[in-house]
Amino acid sequence: MNLIHMDEEPPVALPDKLKMRAVYDNYHIVFDQLLQNIEIDLRKHISLASNPTYKRRIKSFESYYRKVLRVKSAEALKSFELIPLTDMMGVRVICAFLEDLDVVEALVKKNYKVREVEYKGQANFKEFGYVSTHILIAIPQNCIPDTLLGTDGKPLTLPDDLVCEIQVRTILQDAWAEVEHELVYKSEFSPFDMPMRRKLASINANLSLADIIFQEIRDYQKKLQKEIFERRQSFYEQADILTASQNTEGGQPSGSLLKRSSPYVRGTIDDMILEAIHAHNEGDVERAVKIYSLVLESDPMPPVPVMAVIHKHRGMAFFAQNQYVEALEDFKISNGYDCGNFRTIYYQGIVYSVLQNNKEACRCFTMSLKLNQFQSHAFFRRALAHYYLSEYADALSDLDSAASLGLQDEECQLLRGKLMKKFDMSM
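Residues numbered from 1 in each chain as written. Predicted model: local features only at pLDDT ≥ 70, side-chain atom pairs only at ≥ 80, totals over all residues. Heavy atoms only, no water.

(A) Representation of the environment of Tyr 220 within the structure. Within the fold, Tyr 220 resides in helix H6 (residues 194-247). With 54 residues separating them along the chain, Tyr 220 and Leu 274 place their C-alpha atoms 9.3 Å apart. (Helix = DSSP H or I, 4+ residues; strand = E, 2+ residues; numbered from the N terminus.)

Following this line, the structure appears as structure tokens:
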């Protein structure tokens, strides 16, 4: 005879897995629509220089079921309503660089109601777990479909505490997370062998280091681009001054040297180029020419693309010193190394214009425009050259092209007025 002890607790009613699956599967079509809408909304709010990649995922029922059993009480499991989990559905935003992670996080916080932020794997560098930022947001009202119908076609109600998980990672962090999920989490494998653990930790460390190096290269690239942009703007400003002087039929002023400042680093050819451009931007043009010349004289000779860049920038430095013959020579050499660069041909045209060789200036501007027809200033400068060659119809046509590309400044109006007088006199 079986004896029942009075102090024993009654057995806990086990959840009905089939009924839980039916409830969960019924919501799947709603989750899918919600995630599509949230991703579309995220794309509207997230703006990065390098476009991120988006991935959507809904937790499989088996994973959902295991976690529900692990984290929910027996009392909660008695209900056959949907039991929401924080990671039940999510959108992953995969970025190119580490700097993008903070930007995305800030934009998510700005545009959504954030319930929680968790930084996974960033506190313990000894482990081989993945690194990721997880942001739980309340479901945006504008992302909820007007009609919520389950897979069975019947109306559904979303739980009040339902959230969407926004995961933010770099490309390399995501790659490691996917592999780690297959090797460790999904297979429930936790290596006890120390060499194996070290191998996994080493791979993770190498990927993390690669992310840091990519970011350092990105920072360097931005710094260099900023200096090059300032250098080019300074060159154009000086060319505009000289062109304006000719357009008003005055003398040629000396080159203007703009003083700017920017940090730089030392060591490689890239660093020397950055240092030279920085010196040029600060107004120390002689030093810039010396550095450019050192790079050109290095042994072994730099690669052809580097030679093209160095000659181009040294030509700009010579131009700033009013050494137009030397500038023209460097621009020609640069164009020889890179015949498809429309800017170096355009720069030659500017020098020819300053030297009042308008026929050669016209030829260079035409060649440059064949490579890139969307240069408003090239049309304007060719119009000026045509004017000095008494080719007034061609000059007016070029002015019209410059205007159609948005260039209608005071110098253009001045030239147009001169052309109109020429046409009036010829009638």
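(B) Highlighting the sheet that holds strand E4 (residues 132-138). Taken in spatial order, the five strands line up as E1-E2-E5-E4-E3 in an open sheet, and their pairing is mixed. The open sheet is flanked by strand E1 (53-58) and strand E3 (114-120), the only strands paired with a single partner. Geometrically, the sheet is characterised by an average inter-axis angle of 20° between neighbouring strands, direction not taken into account. In this sheet, strand E2 (residues 89-95) lies alongside E1 in antiparallel orientation, the contact comprising six bridges. Looking across to E2, one finds that Arg 57 is bridged to Gly 90. With respect to the sheet, helix H1 (residues 17-45) is in contact with E1, E2 and strand E5 (163-170), its orientation differing from that of E1 by roughly 165°. (Pairing = 2+ DSSP bridges. Axes fitted to C-alpha atoms, helices over the stretch in contact; angles between N-to-C directions. Contact = heavy atoms within 4.5 Å.)

(C) Structural view of a nonpolar patch on the surface. Together, Leu 209, Ile 212, Ile 213, Phe 214 and Ile 217 make up a nonpolar patch on the protein surface, roughly 450 Å² of accessible area in all. Relative to the helices and strands, Leu 209 resides in helix H6. Classification of Leu 209 as partly exposed rests on a relative accessible area of 45%. (Patch = residues over 30% accessible without salt bridge, like charges linked within 9 Å, V, L, I, M, F, W, Y side chains within 5 Å. Areas by Shrake-Rupley, 256 points an atom, 1.4 Å probe, with all protein chains shown as cover. Salt bridge = Lys/Arg side-chain N within 4 Å of Asp/Glu carboxyl O. Buried < 20%, exposed > 50% of the residue type's maximum accessible area, 1.4 Å probe, protein only.)

(D) Region of the structure containing the pattern of salt bridges. By the definition in use, this model includes 20 salt bridges. With a closest N to O distance of 3.8 Å, Lys 55 and Glu 178 form a salt bridge. Here Lys 55 is found in strand E1, whereas its partner Glu 178 is found in helix H5 (residues 171-185), with 123 residues between them in sequence. Residues Asp 330 and Arg 314 are paired through a salt bridge, measuring 2.7 Å at the closest nitrogen-oxygen approach. One end of the pair, Asp 330, is in helix H10 (residues 324-337); the other, Arg 314, is in helix H9 (residues 304-320), and 16 residues separate them in sequence.

(E) View of the nonpolar core. Residues Phe 319, Phe 380 and Leu 415 are the most contacted members of the largest nonpolar core, which totals 50 residues. Membership of the second largest hydrophobic core comes to 41 residues, among which are Phe 31, Phe 61, Tyr 65 and Val 93. (Core = buried A, V, L, I, M, F, W, Y, C linked by side-chain atoms within 4.5 Å.)

(F) Broad picture of the packing of helix H13 (residues 376-388) against helix H14 (residues 392-404). For the pair H13 and H14, the least separation of the axes is 8 Å and the interaxial angle reads 165°. Of the possible angle classes, the one that applies to H13 and H14 is roughly antiparallel. Handedness of the H13/H14 crossing: left-handed. Here Ser 376, Phe 379, Phe 380, Arg 382, Ala 383, His 386 and Tyr 387 of H13 lie close against H14, whose contacting residues are Tyr 392, Asp 394, Ala 395, Asp 398, Leu 399, Ser 401 and Ala 402. (Parallel < 35°, antiparallel > 145°, perpendicular 65-115°, else oblique. Left-handed = near helix turned anticlockwise from the far one by under 90°.)

(G) Local environment of the packing of aromatic side chains. Following the criterion strictly, the structure yields twelve aromatic pairs and no others. Each ring, one from Tyr 387 and one from Tyr 388, has its centre 5.5 Å from the other, and the planes form 75°; the classification is edge-to-face. The exposure class of Tyr 387 is buried, given its relative accessible area of 9%. Its relative accessible area of 30% is what places Tyr 388 among the partly exposed residues. Joined through ring pairs, the aromatic side chains of Tyr 24, Tyr 27, Phe 31, Phe 61, Tyr 64 and Tyr 65 make up one cluster. (Phe/Tyr/Trp six-rings, centres within 6.5 Å; stacked < 30°, edge-to-face > 60°.)

(H) Quick look at the packing of H1 against helix H2 (residues 61-71). As a packed pair, H1 and H2 sit with axes 11 Å apart at the nearest point and diverge in direction by 120°. Here H1 lies oblique to H2, going by the angle between them. Helix-helix and strand crossings are classified by hand; for H1 and H2 the assignment is right-handed. Here H1 contributes Lys 17, Met 20, Arg 21 and Tyr 24 to the contact with H2, which in turn contributes Phe 61, Glu 62, Tyr 64, Tyr 65 and Val 68. Its residues assigned to classes, the contact of H1 with H2 shows six nonpolar, no polar and three charged. (Nonpolar A, V, L, I, M, F, W, Y, C, P; charged D, E, K, R; others polar.)

(I) The arrangement of unusual backbone geometry in detail. Positive phi, close to 65°, is recorded for Asn 322, a residue that is not glycine. The topology assignment puts Asn 322 in the loop between H9 and H10. Here Asn 322 falls in the partly exposed class, since its relative accessible area comes to 29%. One non-glycine residue, Ser 390, lies in the positive phi region at around 65°.

So, to be careful, I would describe these as geometric facts and stop short of saying anything about function.
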